[in-house]
Amino acid sequence: MSSARNVTRFWEWGKKIICVGRNYADHAKELKNAVPTEPVLFLKPPSAYVKEGSPILVPQYSSNLHHEVELGVVIGKGGTAIPRTSAMDHVAGYALCLDMTARDIQDECKSKGLPWTLAKAFNTSCPVSEFVPKEKIPDPGNVRIWLKVNDQLRQDGNTSQMIFSIPFLISYISEIITLEEGDLILTGTPKGVSNVQEHDELQAGIEDIVSMTFRVDRL
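Only a predicted model underlies this, so the values are computations on that prediction, with no experimental measurement involved.

Scanning the protein from terminus to terminus reveals four helices and 16 strands. Against the globule reference of 17 Å for 219 residues, the protein gives a C-alpha radius of gyration of 16 Å, in line with a compact fold. Across its three principal axes, the protein shows a C-alpha extent of roughly 40 × 35 × 30 Å. When each of the 219 residues of the protein is scored for burial, the buried share is 53%. Long-range pairs, those at least 24 residues apart, make up 77% of the contacts in the protein with a sequence separation of at least 6. Surface accessibility of the protein: about 9,700 Å² in total, with carbon and sulfur atoms responsible for 49%. Computed over 23 positive and 27 negative side-chain charges, the separation of the two mean positions in the protein equals 3 Å.

Most often, soluble globular proteins keep nonpolar side chains buried together rather than apart. Ranked by internal contacts, the top residues of the largest apolar core, which has 64 residues, are F10, L98, I170, L184 and L202. Ignoring anything within four residues of it in the chain, the contact list for F10 reads Y49, V74, A95, V128, F131, G182 and L184.

Structurally, the position occupied by K77 is in the loop between β6 (69–75) and β7 (91–98). Taking relative accessible area as the criterion, K77 reaches 45% and is therefore assigned partly exposed. Placed 102 residues apart in sequence, K77 and L179 show a C-alpha to C-alpha distance of 8.0 Å. Those residues in contact with K77 that sit more than four places away from it in its chain are D89 and H90.

Before going further, it helps to spend a moment on the packing of aromatic side chains. Using the criterion set out here, one finds five aromatic pairs in the structure. On the numbers, 5.4 Å between centres and 20° between planes, the contact of F164 with F168 is stacked. With relative accessibility at 21%, the residue F168 sits in the partly exposed group. Centroid distance F168 to Y172: 6.0 Å. Interplanar angle 20°. Geometry classified as stacked. On the criterion of helical spacing, the pair formed by F168 and Y172 is a turn pair, its members being four residues apart in helix α4 (residues 166–176). Members of the aromatic cluster, connected to one another through ring pairs, are F10, W11 and Y49. Just above the ring of W11 sits the side chain of K51; from NZ or CZ to the centre is 3.9 Å.

Here the focus is the sheet that holds strand β14 (residues 195–196). The strand order across the open sheet formed by three strands is β8-β5-β14, and the pairing between neighbours is antiparallel. Strand pairing shows two members of the sheet lacking a second neighbour, β8 (101–102) and β14, which therefore form its edges. Of the pairings in the sheet, the one linking strand β5 (residues 65–66) to β8 comprises two bridges and is antiparallel in character. Among the inter-strand pairings, L65 is bridged to a residue of β8, identified as A102.

A negative phi holds for most residues other than glycine; trans holds for most peptide bonds. Positive phi outside glycine occurs at T124, with the angle close to 70°. Summarising the element assignment, T124 is placed in the loop between α3 (117–120) and β9 (126–128). Not every positive phi belongs to a glycine, and E207 is a case in point at roughly 45°. Within the fold, E207 resides in the loop between β15 (201–206) and β16 (210–218).

What follows concerns the environment of L31. With respect to the helices and strands, L31 occurs in the loop between α1 (25–30) and β2 (40–44). Residue L31 is classed as partly exposed on the basis of its relative accessible area of 24%. Separated by 180 residues in the primary sequence, L31 and S211 have C-alpha atoms spaced 26 Å apart. With residues up to four places along the chain from it excluded, the contact list for L31 reads R103 and V193.

What follows concerns the sheet that holds strand β11 (residues 144–149). As summarised here, the arrangement of the five strands in space is β4-β16-β15-β11-β12, forming an open sheet in which the pairing is mixed. In this open sheet, the two edge strands, each paired with only one partner strand, are β4 (56–58) and β12 (152–158). Pairs of neighbouring strands in the sheet enclose a mean axial angle of 20°, with direction left out of account. Two elements, β4 and β16, share three bridges in a ladder whose sense is parallel.

Attention now moves to the UniProt feature "domain: Fumarylacetoacetase-like C-terminal" (unreviewed entry) in the protein. The feature "domain: Fumarylacetoacetase-like C-terminal" (unreviewed entry), as given by UniProt, occupies residues 16–216 in the numbering adopted here. Along residues 16–216 one finds 15% helix and 35% strand; the C-alpha atoms at either end are 24 Å apart.

Thresholds, definitions, all that
Residues numbered from 1 in each chain as written. Predicted model: local features only at pLDDT ≥ 70, side-chain atom pairs only at ≥ 80, totals over all residues. Heavy atoms only, no water. Helix = DSSP H or I, 4+ residues; strand = E, 2+ residues; numbered from the N terminus. Rg over C-alpha atoms; globule rule 2.2 N^0.38 Å. Buried < 20%, exposed > 50% of the residue type's maximum accessible area, 1.4 Å probe, protein only. Contact = heavy atoms within 4.5 Å. Areas by Shrake-Rupley, 256 points an atom, 1.4 Å probe, with all protein chains shown as cover. Lys, Arg positive; Asp, Glu negative; His and termini not counted. Charge placed at Lys NZ, Arg CZ, Asp CG, Glu CD. Core = buried A, V, L, I, M, F, W, Y, C linked by side-chain atoms within 4.5 Å. Phe/Tyr/Trp six-rings, centres within 6.5 Å; stacked < 30°, edge-to-face > 60°. Lys NZ or Arg CZ within 6 Å of the ring centre and 35° of its normal. Pairing = 2+ DSSP bridges. Axes fitted to C-alpha atoms, helices over the stretch in contact; angles between N-to-C directions. UniProt positions renumbered as here; feature names shortened; annotations may be inferred.

Structure representation (structure tokens):
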């Protein structure tokens, strides 16, 4: 029974991570991608989750791992074809997330017209913070997210810059993929993505509401 599950530990039992690519126009432009007219979706498996205290591992096949800081939306109540007007009723809370991306592999996949799985879905590709209750972020459409590498600010954006809003994304995704309790939606990254190396330290935060720190290691 779902009542036995603790949504504040969604990473232990949530079934899927649904990611939205290119949801900030400046990030689409920095990677020389067209600004999308509908959401670009891809998936990460639950094995991508990693929590503070464990390292982010650079995949053996990549030499250009990038950080992408994102606001994550944790689903508390599942549904299919959820109307935009009631979408926020399905949100349990939020998490600060990183969409770690093997950029060299992604570029290769894009040039061949292949899926991004190797670039996006590897183990430790989804670092997440502690669960943030819904009340702590009354307006998820206007919150600052930031990321530092070795104490240098690399990403500093606001969710108000998102092309597609959270209610729109919940409605759009649930038309295609039924959302279930414990699922996580990654809502896209602001500009400023860049390479990380072994031994780098990444710090990220949602304003001063929650923050997290990760080390980068190699397999």
